[in-house]
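Here is what each chain is made of, one letter per residue.
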Amino acid sequence: MFEKILYPTDFSHEAHRALDFVVRLKDAGAREVVVLHVIDKGSFDAIARYATKDILEIEKNLKERAIAEMRPIEERLEKEGLKVKVIITKAVPYMGILEVEKNEKISAIVIGSHGMSNIEEIFLGSVSEKIVRRAKTPVLVVR
Ligand SMILES: Nc1ncnc2c1ncn2[C@@H]1O[C@H](COP(=O)(O)OP(=O)(O)O)[C@@H](O)[C@H]1O
Ligand SMILES: [Mg+2]
């Protein structure tokens, strides 16, 4: 039923906690995991506006950092016998997530309730709230 899982991560502690639940979905039929990091286009554009360095260089650095952060996640999932596909894009984060949901024929999304901003008073982070509202597939929100 939950064959292909989309696991979007901002590499926060909260997103990392959600990874355990991705693994647990093996019992519900999970075979493949798409691990997605969206480079926040808004933040990127803001940095780019004031940057003295070449913006292509900044983008390259951000991608390289994301690839490095992805590696232990990939290893963990592969060790569990799951097929892994890594995607790194630059977009408005929630839009990037919904785009991959559509293009990859995802069966469920596993996401942290909060992320890097982690404001406890807010019920759901801004990204997870939009995903719960707009996703076509079931969403497992991990607190
Ligand atoms: N840029 C991103 N790329 C991929 N996944 C993300 C991104 N930002 C947030 N997420 C996912 O959404 C969850 C909730 O994050 P978010 O709604 O941004 O909370 P906060 O407002 O606390 O930062 C994260 O745990 C992660 O699973
Ligand atoms: Mg966030």
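Draft legend 1. Expanded view of the overall build of the protein chain. Within the protein chain, the secondary structure is distributed over 5 helices and 5 strands. What you see in the protein chain, going N to C, is helices and strands ordered as β-α-β-α-α-β-α-β-α-β. In terms of C-alpha radius of gyration, the protein chain reaches 15 Å, essentially the compact-globule figure of 15 Å for 143 residues. Taken along its principal axes, the extent of the C-alpha atoms in the protein chain is 50 × 35 × 25 Å. Across the 143 residues in the protein chain, those meeting the buried criterion constitute 28%. Sequence-distant contacts in the protein chain: of pairs separated by 6 or more residues, those separated by 24 or more amount to 78%.

Draft legend 2. Here's a closer look at the sheet that holds strand S5 (residues 139–142). What the 5 strands build is an open sheet, ordered S3-S2-S1-S4-S5; its pairing is parallel. For this open sheet the edge positions go to strand S3 (83–91) and S5, each flanked by a neighbour on one side alone. The average undirected angle you get between the axes of adjacent strands in this sheet is 20°. Pairing geometry for strand S1 (residues 4–8) and strand S4 (residues 108–112), over 2 bridges, is parallel. Among the inter-strand pairings, Ile5 is bridged to a residue of S4, identified as Ala108.

Draft legend 3. Focus on the pairing of strand S2 (residues 32–40). Alignment of S1 against S2, held across 5 bridges, turns out to be parallel. Counterpart to Leu6 in the pairing with S2 is Val34. In terms of strand pairing, S2 meets S3 through 9 bridges, oriented parallel. Directly across from Glu32, in S3, lies its bridge partner Lys83.

Draft legend 4. Representation of unusual backbone geometry. Backbone geometry at Phe11 places phi at a positive 70°, although glycine is not the residue there. Considering the arrangement of structural elements, one finds Phe11 in the loop between S1 and helix H1 (13–24). Unusually for a residue other than glycine, Asn118 sits at a positive phi of about 45°. Along the chain, Asn118 falls in the loop between S4 and helix H5 (126–134).

Draft legend 5. Spatial organisation of the site of ligand 1. Contacts to ligand 1 come from 23 residues, most closely from Pro8, Gly112, Gly115, Gly125 and Val127. Those elements that place two or more of their residues in the shell around ligand 1 are H1, S2, S4 and H5. In terms of residue count, S2 provides more of the shell around ligand 1 than any other element does, 4 residues in total.

Procedures and definitions
- Residues numbered from 1 in each chain as written.
- Chains lettered and ligands numbered in written order.
- Predicted model: local features only at pLDDT ≥ 70, side-chain atom pairs only at ≥ 80, totals over all residues.
- Helix = DSSP H or I, 4+ residues; strand = E, 2+ residues; numbered from the N terminus.
- Rg over C-alpha atoms; globule rule 2.2 N^0.38 Å.
- Buried ≥ 20, exposed ≤ 12 C-beta atoms within 10 Å, placed from the backbone.
- Contact = placed C-beta atoms within 7 Å.
- Pairing = 2+ DSSP bridges.
- Axes fitted to C-alpha atoms, helices over the stretch in contact; angles between N-to-C directions.
- Near = placed C-beta within 6 Å.

Read these as geometric descriptors, not functional statements.
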